[in-house]
Each structure stands twice: as structure tokens, then as C-alpha cells.
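# Survey of secondary and tertiary structure
Spelled out, the chains give:
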Amino acid sequence: AQSVTQLDSQVPVFEEAPVELRCNYSSSVSVYLFWYVQYPNQGLQLLLKYLSGSTLVKGINGFEAEFNKSQTSFHLRKPSVHISDTAEYFCAVSRKNNNDMRFGAGTRLTVKP
Amino acid sequence: GAVVSQHPSWVICKSGTSVKIECRSLDFQATTMFWYRQFPKQSLMLMATSNEGSKATYEQGVEKDKFLINHASLTLSTLTVTSAHPEDSSFYICSASNSGNYGYTFGSGTRLTVV
């Protein structure tokens, strides 16, 4: 089965600084990749997804991620963060033609003033 | 866009009672729905995959007799936690797959507290 590793459990950063949240995946077959954001006591909101095509994917709220097949990575980036970006971020993977989605352990992004 | 409604958003129940959580796809037909469980400060763990009109597929270690899943229509799946105990207290989240447009939409989650 596919799996996801988020390398950082917590990432503190100052407001307006750039940020990168790291995600590596493992799968023996082709996959789809996702990043979700979760605010306290809420469900998950999709930031962006990679299904095929261009390896640089742009999402909502100024986030983007790059699919790197050789390094099996899908790191999330934002050039300038805001206080409102403070949340939990989950990387997820699902196999093509298979609906089940597996999540990483999550990265807590804390943006400080 | 696709919307999934999950109810209730929070529930407190006594130990030994059963609780039903509903997951509805409001503007699309969901052939497949998923149920996840999330403990505080942890990731989402897939509990089961629910397919309309057939039995749910449970992940290893999930008790199917305790977590009853029913997916009787293309817009509704329910999760019933039977004979709940304090250790069942958790955040439960559903998601729905729109077969016509690949993607997943998540409900807003249900905070279950068993006292």
C-alpha cells in the first residue's frame, strides 16, 4: 500500500517569511498527491492536488507544490505566509484507479508576528 | 462545488449507548464514501470504505460490529458507534468521492465524547 511521510511535525515561522512543508511518499504504482489544511475542530480543506501533467501545481491561498518523481516528494511552499496560515497541514496520497487515500502525520505550521 | 455535510458536529453520549453520524453529499452522487478517525494532534486514520449498496470494507484493526456503516443511497452514508466507551472519543471525519470528477470532499467532522 502507499504511504506518506511528513518530515516535520512542527514548523514555526515569522509572518511574511517563506515556508516549505516537506512530504515524501512511497508507492509501487503511480499515485495522485494532495495537500490539505485543517483548522481546529474542522474538516479538511483541499489546498491543491497533483493528478498528472505539469509537476508544479498551484493551489489556493498562494500555496504551490512540486511533484518530484525521482525523489518521491511533493513539498508544499508559500513565498510569504500570514498569521491566518497557522493550521495543521496534511499531505495525502492515493493510488491511481484506487479510491483509498492515506495521510501523513501532519505538520503544524505556526506563523508568528 | 462539491459539498459534503456531516452531522452532528459534536455529540456527548453516555458510555454504553450508540451514536449515529451522518454524511451527506449535497450536490453530487457519491458512489464511495470514506470514514476516518482522528485522535488529538494526530493524523487521519482510514477506518472503512463505504460503497453504495454493498457492505463496507473495513481497515485492519477496525471492529466492524462496533462501527456500523450503512451506505443506502448515493448521497448518504452513516456511521454508528455501538456501545460507545470513553476510548471511542475522537474526531470522526467522512469524505465522499465523486466518480465523475476525480476528487475527494471532506465533511466538517464530528467530535464524539463518551462520558
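Attention here is on the structure that accompanies the text. Quantities reported herein were computed from a predicted structural model and do not represent experimental measurements.

### Digging into the overall build of chain B
Per the secondary structure count, chain B includes zero helices and eleven strands. Taken over the C-alpha atoms alone, chain B extends approximately 40 × 25 × 20 Å along its principal axes. Here chain B, with 115 residues, has 50% of them falling under the buried criterion. Considering only residue pairs separated by 6 or more positions, chain B has 54% of its internal contacts joining residues 24 or more positions apart. Of the roughly 5600 Å² that chain B leaves accessible, carbon and sulfur atoms contribute 52%. Taking the 9 positively charged and 8 negatively charged side chains of chain B as two groups, their mean positions are separated by 5 Å.

### A closer look at the overall build of chain A
Within chain A, the regular secondary structure consists of zero helices and twelve strands. Scanning chain A from its N terminus toward the C terminus, one meets helices and strands in the order β-β-β-β-β-β-β-β-β-β-β-β. What you see for chain A is a C-alpha radius of gyration of 13 Å, in line with the 13 Å of a compact globule of 113 residues. Each principal axis of the C-alpha distribution contributes one length, and for chain A these read about 45 × 30 × 20 Å. Residue burial in chain A is summarised as follows: out of 113 residues, 44% are buried. Within chain A, contacts between residues separated by at least 24 positions form 56% of all contacts whose residues are at least 6 apart in sequence. Summed over its atoms, the accessible surface of chain A is roughly 5400 Å², and 47% of this surface lies on carbon and sulfur atoms. Side chains of chain A carry 11 positive and 9 negative charges; the gap between the two charge centres is 8 Å.

### A few points about the pairing of strand 9 (residues 90-97) of chain B
All names here are of chain B. The buried count for strand 9 comes to eight of eight residues, which makes it a mostly enclosed element. Of the two faces of strand 9, the one lined by Ser90, Tyr92, Cys94 and Ala96 and the one lined by Phe91, Ile93, Ser95 and Ser97 are each fully buried. As paired elements, strand 9 and strand 11 (residues 110-114) share three bridges and run antiparallel to each other. Bridge pairing in strand 11 links Tyr92 to Thr110.

### Focus: the interface of chain A and chain B
With 21 residues of chain A in contact, the opposing surface of chain B contributes 19 residues. At the boundary of chain A and chain B, one finds one salt bridge. The interface formed by chain A and chain B includes five residue pairs in polar contact (both at pLDDT 80 or more). Only strand 5 (31-38), strand 6 (44-50), strand 10 (87-95) and strand 11 (101-103) of chain A provide two or more residues apiece to the side of chain A that touches chain B. No other element matches the four residues that strand 5 of chain A contributes to the side of chain A that touches chain B. The residue makeup of the side of chain A that touches chain B, split by class, is nine nonpolar, eight polar and four charged.

### Comments concerning the sheet that holds strand 3 (residues 19-25) of chain B
Residue and element names in this part refer to chain B. Judged by pairing direction, the sheet is antiparallel, and its four strands sit side by side in the order 1-3-8-7 without closing on themselves. The outermost strands of the open sheet, each flanked by one partner alone, are strand 1 (4-7) and strand 7 (67-73). On average, each strand axis in the sheet is tilted by 15 degrees relative to the strand beside it, whichever way the strands run. Alignment of strand 1 against strand 3, held across four bridges, turns out to be antiparallel. Within the sheet, the bridge partner assigned to His7 lies in strand 3 and is Glu22.

### Things to note about the side chain of Ser73 of chain A
Residues and elements named next belong to chain A. As for its placement among the helices and strands, Ser73 is situated in strand 9 (residues 73-78). Given the relative accessible area of 3%, Ser73 is considered buried. The contact partners of Ser73, leaving out residues within four places of it in the chain, are Cys23, Asn24, Tyr25, Glu66, Phe67 and Asn68.

Cut-offs used in this document
Residues numbered from 1 in each chain as written. Chains lettered and ligands numbered in written order. Predicted model: local features only at pLDDT ≥ 70, side-chain atom pairs only at ≥ 80, totals over all residues. Heavy atoms only, no water. Helix = DSSP H or I, 4+ residues; strand = E, 2+ residues; numbered from the N terminus. Buried < 20%, exposed > 50% of the residue type's maximum accessible area, 1.4 Å probe, protein only. Contact = heavy atoms within 4.5 Å. Areas by Shrake-Rupley, 256 points an atom, 1.4 Å probe, with all protein chains shown as cover. Lys, Arg positive; Asp, Glu negative; His and termini not counted. Charge placed at Lys NZ, Arg CZ, Asp CG, Glu CD. Rg over C-alpha atoms; globule rule 2.2 N^0.38 Å. Pairing = 2+ DSSP bridges. Salt bridge = Lys/Arg side-chain N within 4 Å of Asp/Glu carboxyl O. Polar contact = N/O pair within 3.5 Å; in protein donor to acceptor, adjacent residues only side chain to side chain. Nonpolar A, V, L, I, M, F, W, Y, C, P; charged D, E, K, R; others polar. Axes fitted to C-alpha atoms, helices over the stretch in contact; angles between N-to-C directions.

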